[in-house]
Amino acid sequence: MSDPASDSRIRRSNGERLTRLSPFGVGHTKPKHFRDMFKVVWDNKDNLPYAWKVINRGVCDGCALGVAGLHDWTIEGVHLCMTRLNLLRLNTVGPIPDGTLDDVATLRDKDNRDLRKLGRLAYPMRRRTGERGFTRITWDEALASIGGRIQKLDPSRFAFFVTSRGVTNEIYYMAQKAARYLGTNHVDNAARLCHSPSTAAMKQTLGISASTCSYKDWMGTDLVVFFGSNPANDQPVSTKYLDIAKKQGTKIVLVNPYLEPGMKRYWVPSTTSSALFGSDLADYWFPVGQGGDIAFLYGVLKHLVATDQLDHTFLQDHTVGWDELAARAAELEWAELETEAGLPRAQIEEFANLIGTAKSAVFVWSMGITQHPWGADGVRMVLNVALARGFLGRDKCGVMPIRGHSSVQGGAEMGAYATAFPGGKTVNAENAAALSAQYGFDVPDWSGLATTEMVEACHRGELDAFYMVGGNFLRTLPDPDYVAECLAKVPLRIHQDIILTDQMFIDPVADDGEVILLPAKTRYEQDDGGTETNTERRIMFTPEIPRQVGEARAEWKILRDVALATKPDPAGIFGCATGHAMREEIARVVPFYDGLQHLKKTGDAFQYGGPHLCPEGVCPTPDGRAHLATVDMPSRLKREPGVFHVSTRRGKQFNTLIYADVDPLNGAPRDAVLMNADDAAERHLKQNDRVTLVNDRGRYDARVFLAPLAPGNLQVHWPEGNHLIARGVVDAGGGVPDYNAHVRLEPINP
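Residues numbered from 1 in each chain as written. Predicted model: local features only at pLDDT ≥ 70, side-chain atom pairs only at ≥ 80, totals over all residues. Heavy atoms only, no water.

Student: What exactly am I supposed to notice about the packing of helix H13 (residues 293-306) against helix H16 (residues 334-341) here?
Tutor: To characterise two packed helices, one gives the angle between the axes of the helices and the distance between these axes. Interaxial distance between H13 and H16 falls to 8 Å at its minimum, and their mutual angle equals 140°. With respect to H16, the axis of H13 lies oblique. Seen along the crossing, H13 lies across H16 with a hand that is left-handed. Between H13 and H16, the residues in contact are Ala-295, Phe-296, Tyr-298, Gly-299 and Lys-302 and Trp-334, Leu-337, Glu-340 and Ala-341, respectively. (Axes fitted to C-alpha atoms, helices over the stretch in contact; angles between N-to-C directions. Helix = DSSP H or I, 4+ residues; strand = E, 2+ residues; numbered from the N terminus. Parallel < 35°, antiparallel > 145°, perpendicular 65-115°, else oblique. Left-handed = near helix turned anticlockwise from the far one by under 90°. Contact = heavy atoms within 4.5 Å.)

Structure follows, in structure tokens:
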């Protein structure tokens, strides 16, 4: 590929090159991998033998790359990242001390980091309206209370939510089967808050809702393009893949408001040269403004059409809808596209020329694309551009919605989704009848409530029981004060979890209000082992690694026990009495998972669909073609002078589990507001100046942190900034909340 003089090429100064001579990145802002590894050993010193078993025998419970033991299926060698190690303590810590929950008032001033350090939930606990704290109860009492109350309810008045925290395919599957056995489709999972727009858009466009390629396709492809994604933080093992890809000639392109330091340069601890001196990763950076991706990609298509850099054969043989899409791109004015994208025409054309001259490319995206009111349309535009160049169904090509949590890919595939049955089949009368025939009981045929709709239904008094497998809506959803009001109104709230979270302490307000805590085993302790599905559709097995904390039970067993306590099954039609039996059933109900019933030991895995879906461009749609979508330009509120677009970002954390007050990749404290240097200078602000972000929903005190960020954009950490975000604004295609807002800046005088 040609490499003309470039406004978007990432250039390293002589000073930056000189500092590379510093061994192990001494003096750099970077993760201190080896120091942090020793800290993990110290933190787990009371249970090191079990910690080693988890690391050596288990599939990673962190991101969705899917390392089994210390190895994976992509490259040779040892792989171990700090995301996995930071989560290790959840698997080794002992039970919370007796009496901890006697008075929840003593726990309200603790943040969730402090709460998880208290230890594991060990026994069923109950708190009724007016009581100061929780009382220990037996499993029989817990099941009788839950079952007795739910069996009196109309199925439309209770709901199940399943988090992505270390959850296995078996847990997802059992959650949806239990819900439907009890007559409701109100069952949803954490993918609703991240990649549900990807599921909707890919299903419509390609007939599938998973990555079409494998991680190996990153290595040696001409381009890997990351849209709104920061794998250096969210999937750190992937930096080793990228380091290898670079050595094979691959160019790495970022389309993101912020030039993430970890994507610019990273020290891969398991590669000697990189651990010593670091690795340059990204080659190009296109700082599209938040929410400007659709305009940017329309501009890319406009230039590809004008310069005839299209794969005409692929478009003709394997797609429909191209003429309408090309016409829409042609009629859009450059002035509008530049304004909405936040980039000049020259940079948009530069990106178009990069992919227009590439023979192969992999497009990767994450929540920077999906968490908008037009998230599904943003994904459709990523797919449109990939299809215009024929980057589908062949080696070194593909589209990949990279997942941030282990097995979240399997959630919808197992049917733990308000709008989908197992296998991703749409909820309708025909599919409900087919599933009913397989299960031997009637399955409801109406679409259930999505996650945010469940919370809103709580506020309206339309849910009488809410069963939550993990998660913490107080920290994951916009407007946490409103969320607390919603959850308080539910008469029966069940929290099935391994640790304490602050949402458990929300006071029930109903006269018969009741909060029940059910102690769960971790995925490694799960009876009969378990499976997870990673981003590249690889289903991987972890054997049971026995450990007993108090009276904790396997999560899938708890769900099964609750279902049968609510609706007894003397005929035994429910089945799934063991993990092995459940996997046999999954293989029958979800045919593309056939094979998981044979997985028995660490390292056992298979990739459903093979290395590539849509082979040679043939899609599993009724006509075998990809369906290009001509999407609307987003209707966005105009930013008035002095108003910024603020979005939320992740630091050193795993979902809502925060592990450090300072992000080791960029040095930003948790109360930082990342800001473009020119924007700051215009307002006479400098590094660490105190400011307040203000809008009609609240105020957020922060410290200015100067960063390479698109002008007019700000970033604050999630979940701290969630109270600035409006509730009720979701993507129409997938239901994901919009995690962006407009704010003004007010300086805080010293």
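Next comes the rest of the description.
Student: Got a minute to help me understand the sheet that holds strand S4 (residues 187-189) in this structure?
Tutor: Where strands meet in a sheet, backbone hydrogen bonds hold them as pairs that are either parallel or antiparallel. Read across the sheet, seven strands follow the order S2-S1-S17-S16-S15-S3-S4 without closing on themselves; strand pairing throughout is mixed. Each edge of the sheet is formed by a strand with only one pairing partner; in this case those strands are strand S2 (135-136) and S4. Bridge count for strand S3 (residues 158-162) against strand S15 (residues 465-469) is five bridges, and the pairing is parallel. Paired with Ala-159 across the strands is Phe-466, a residue of S15. (Pairing = 2+ DSSP bridges.)

Student: What exactly am I supposed to notice about the pattern of salt bridges here?
Tutor: When charged atoms on two side chains of opposite charge get close, those side chains can pair. This model, assessed by the stated rule, comprises 43 salt bridges. One salt bridge connects Arg-157 with Asp-464, and the closest N-O pair in it is separated by 2.5 Å. Here the residue Arg-157 occupies a position in the loop between helix H6 (139-150) and S3, and Asp-464 occupies one in the loop between helix H22 (451-459) and S15, the gap between them amounting to 307 residues. For Arg-475, the salt bridge is made with Asp-502, and the minimal N-O distance between the two is 2.5 Å. In this pair, Arg-475 sits in helix H23 (residues 473-476) while Asp-502 sits in the loop between strand S16 (492-497) and strand S17 (514-519), placing the two residues 27 residues apart along the sequence. We classify Asp-502 as buried; its relative accessible area is 14%. Here the residues in one salt-bridge network are Arg-126, Arg-149, Asp-512 and Glu-514, joined through shared partners. (Salt bridge = Lys/Arg side-chain N within 4 Å of Asp/Glu carboxyl O. Buried < 20%, exposed > 50% of the residue type's maximum accessible area, 1.4 Å probe, protein only.)

Student: Hey, could you run me through the pairing of strand S22 (residues 643-649) in this one?
Tutor: For a regular strand, the rule is simple: side chains alternate between the two faces of the sheet. Most of S22 sits out of view: seven of its seven residues are buried. The two faces of S22 match: Val-643, His-645, Ser-647 and Arg-649 on one face and Phe-644, Val-646 and Thr-648 on the other face are all buried. Bridging between S22 and strand S29 (residues 740-747) involves five bridges; their strand directions are antiparallel. Of the residues in S29, the one forming a bridge with His-645 is His-742. In terms of strand pairing, S22 meets strand S28 (residues 713-717) through five bridges, oriented parallel. Looking at S28, one finds that Thr-648 is bridged to Val-716.

Student: Sorry if this is basic, but what is going on with the sheet that holds strand S12 (residues 398-401) here?
Tutor: Pairing in this open sheet of five strands is parallel, and the strands run S9-S6-S5-S11-S12 from one edge to the other. Since the sheet does not close on itself, it has two edges, and those belong to strand S9 (284-286) and S12, each with one partner. Direction aside, the axes of adjacent strands within the sheet are offset by 15° on average. Pairing of strand S5 (residues 223-227) with strand S11 (residues 361-365) involves five bridges; the strand directions are parallel.

Student: What should I look at first to understand the nonpolar core in this one?
Tutor: The nonpolar side chains of soluble globular proteins are, as a tendency, buried together. Of all hydrophobic cores here, the largest spans 66 residues; its most connected members are Tyr-467 and Leu-518. Broken down by element, this core gets its largest block of residues, eight residues, from helix H7 (residues 169-181). When sequence neighbours within four positions are dropped, the list of residues in contact with Tyr-467 reads Ala-159, Phe-160, Phe-161, Ile-494, Gln-496, Leu-518, Ile-558, Leu-559 and Val-562. (Core = buried A, V, L, I, M, F, W, Y, C linked by side-chain atoms within 4.5 Å.)

Student: Could you clarify how one ought to interpret a nonpolar patch on the surface in this entry?
Tutor: On the surface, a nonpolar cluster with roughly 450 Å² of combined accessible area is contributed by Phe-24, Val-26, Phe-34 and Phe-38. Secondary-structure assignment places Phe-38 in helix H2 (residues 33-43). (Patch = residues over 30% accessible without salt bridge, like charges linked within 9 Å, V, L, I, M, F, W, Y side chains within 5 Å. Areas by Shrake-Rupley, 256 points an atom, 1.4 Å probe, with all protein chains shown as cover.)

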